[in-house]
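# Understanding the architecture of this molecule
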Amino acid sequence: MNFDENLLSMLGCPFDPSRPPFEKVGNYLVCRSCEIAFPIVDGIPHLLPESGRPISEIPELNS
Ligand SMILES: [Zn+2]
């Protein structure tokens, strides 16, 4: 199952009061405000705080 990119316009990062939009990079939704990436698993973005990882720890997001 693929992530529906139309959802991107409806999602905002829940961890920033300004709800900045996510950017889809590979299998991650990236919040450039928080500098955190959330994995997309089987088409479902995992947006729990414990699912987020710093962008700097994910090599494919730092190329
Ligand atoms: Zn954020």
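Computed from a predicted model, the values in this text were never measured in an experiment.

### Side note on the overall build of the protein chain
Counting its regular elements, the protein chain contains zero helices and five strands. Relative to the compact-globule value of 11 Å for 63 residues, the protein chain shows a C-alpha radius of gyration of 11 Å, a close match. C-alpha atoms of the protein chain, sized along the principal axes, occupy 25 × 25 × 20 Å.

### Some words on unusual backbone geometry
The phi torsion of most residues other than glycine is negative, and most of the peptide bonds are trans. Phi angles above zero are rare outside glycine, and R19 is one such case at about 50°. Tracing the chain through its elements places R19 in the segment before β1 (23–25). Overall, the presence of 13 C-beta atoms within 10 Å leaves R19 in the partly exposed class. Even without glycine at this site, E35 takes up a positive phi of about 60°.

### Details of the pairing of strand β3 (residues 36–41)
For strand β2 (residues 28–31) and β3, the ladder comprises four bridges, and the chain directions are antiparallel. Within the sheet, the bridge partner assigned to C31 lies in β3 and is I36. Here β3 runs beside strand β5 (residues 53–54); their pairing, made up of two bridges, is antiparallel. Across the sheet, A37 pairs through a bridge with R53, a residue of β5. With two bridges connecting them, β3 and strand β4 (residues 44–45) associate as antiparallel partners. Bridge pairing links V41 to I44 in β4. Connecting the antiparallel pair β3 and β4 is a turn made up of two residues, with D42 showing a positive phi of about 55°.

The rules behind each value
Residues numbered from 1 in each chain as written. Predicted model: local features only at pLDDT ≥ 70, side-chain atom pairs only at ≥ 80, totals over all residues. Helix = DSSP H or I, 4+ residues; strand = E, 2+ residues; numbered from the N terminus. Rg over C-alpha atoms; globule rule 2.2 N^0.38 Å. Buried ≥ 20, exposed ≤ 12 C-beta atoms within 10 Å, placed from the backbone. Pairing = 2+ DSSP bridges.

What is shown is where atoms sit, not what they do.
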